Amino acid sequence: SAVISQKPSRDICQRGTSLTIQCQVDSQVTMMFWYRQQPGQSLTLIATANQGSEATYESGFVIDKFPISRPNLTFSTLTVSNMSPEDSSIYLCSVGQGAGQPQHFGDGTRLSIL
Amino acid sequence: GENVEQHPSTLSVQEGDSAVIKCTYSDSASNYFPWYKQELGKGPQLIIDIRSNVGEKKDQRIAVTLNKTAKHFSLHITETQPEDSAVYFCAATTPLNQAGTALIFGKGTTLSVSS
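Since this is a predicted model, take the numbers as computed values, not measurements.

Participant: Any chance you could break down the side chain of Arg36(A) for me, citing the residues and the numbers?
Facilitator: All names here are of chain A. Relative to the assigned elements, arginine 36 resides in strand S4 (residues 31-37). No salt bridge forms around the buried arginine 36; measuring N to O, its nearest opposite-charge neighbour aspartate 87 is 4.5 Å away. Leaving out residues up to four positions away in the same chain, arginine 36 has contacts with Ser42, Leu43, Thr44, Ile46, Phe61, Phe66, Ser89, Ile90 and Tyr91.

Now the structure itself:
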């Protein structure tokens, strides 16, 4: 399966600031997704990163708060904007090759907001 | 939209025993059901998956069964070992669009295997 690298692996940020998380895959993939996992909780889909077009956001997530880029088939970024303590979570990138195909996850970015 | 319920939330077994985790889903259009294992500090790792045209799938000590009529699927781990201790998540796909699907996750089961 694809090797997925996320950077940074963890960060501690001040409220009101923004952080951009990178997801790099070692091979071209059709689909890239961003999930949030709050402490001790399950995973919630934030958005689907679409190559060359605007991301598709799930209910409760908006582009102004979580802008996403996907310039090519191996790379995507998620920005967490104007952070508050409620944004403290693990942010995970996953990749897949299409409908009904396995998705594989990176190890995530552990974000703490002070 | 799709909703996935997972039980139990915690499960403690003795080494060598079997462990069973059950999930139910709500959307009859869901057609792909993966299981993930997440160890502390790591991302979820895909351990087995099943598609809606199959009733059972096995991979060594791990098996998954699917009952489409009842809309439930289960993970079976036999001969458990301490290294099986982790959080396990079931998931189901809901179609996003023609290009792909997203995973809807259950709330997770914390499995503890004691030696």
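Participant: Kindly report on the interface of chain A and chain B, identifying the contributing residues and their values.
Facilitator: With 22 residues of chain A in contact, the opposing surface of chain B contributes 20 residues. Here chain A meets chain B over a buried area of about 1700 Å², counting both sides, of which 54% is carbon and sulfur. On inspection of chain A and its partner chain B, the count reaches zero salt bridges. Those elements that place two or more of their residues in the side of chain A that touches chain B are S4, strand S5 (43-49) and strand S10 (103-105) of chain A. Residue classes in the side of chain A that touches chain B are distributed as nine nonpolar, 10 polar and three charged.

Participant: Pulling in residues and values, what's your account of the state of the cysteines?
Facilitator: With the rule as written, the count across this model stands at two disulfides over all chains. Covalent S-S linkage joins Cys23(A) and Cys93(A), the inter-sulfur distance amounting to 2.0 Å. Classification of the bridge connecting Cys23(A) and Cys93(A) rests on its S-S torsion, roughly -65°, and on that basis the disulfide is left-handed. Here Cys23(A) is found in strand S3 (residues 19-25), whereas its partner Cys93(A) is found in strand S9 (residues 89-96), with 70 residues between them in sequence. Here Cys93(A) falls in the buried class, since its relative accessible area comes to 0%. Residue Cys23(B) pairs covalently with Cys90(B) via a disulfide, S to S 1.9 Å. Looking along the S-S bond of the Cys23(B)-Cys90(B) disulfide, the torsion reads about -100°, which is the left-handed sense.

About the criteria used
- Just so you know, the residues in each chain are numbered from 1, in the order the chain's sequence is written.
- Chain letters start at A and ligand numbers start at 1, both assigned in the order the entries are written.
- Local features are withheld for residues below a pLDDT of 70 in this predicted model, meaning they are given only at 70 or higher, and side-chain atom pairs are given and counted only at 80 or more; totals for whole chains, interfaces and linings count all residues.
- Heavy atoms from the whole structure form the basis of all side-chain values; hydrogens and water molecules are not counted.
- Runs of E in the DSSP output that reach at least two residues are strands. Runs of H or I that reach at least four are helices, and both are numbered from the N terminus.
- Only protein chains enter the accessibility calculation, which uses a 1.4 Å probe; a residue is then buried when its area is under 20% of its type maximum, exposed when over 50%, and partly exposed in between.
- Working convention for charge: Lys and Arg count positive, Asp and Glu count negative, and His plus the chain ends are omitted.
- A side-chain nitrogen of Lys or Arg and a carboxyl oxygen of Asp or Glu constitute a salt bridge if their distance falls within 4 Å.
- Here a residue-residue contact requires only that any non-hydrogen atoms of the pair lie within 4.5 Å.
- Note on definitions: buried area is the accessible-area loss of two parts on being combined, 1.4 Å probe, summed for both.
- Here the term charged refers only to Asp, Glu, Lys and Arg, the term nonpolar to Ala, Val, Leu, Ile, Met, Phe, Trp, Tyr, Cys and Pro, and the term polar to all other amino acids, Gly among them.
- In this description, the term disulfide denotes a pair of cysteine sulfurs within 2.5 Å.

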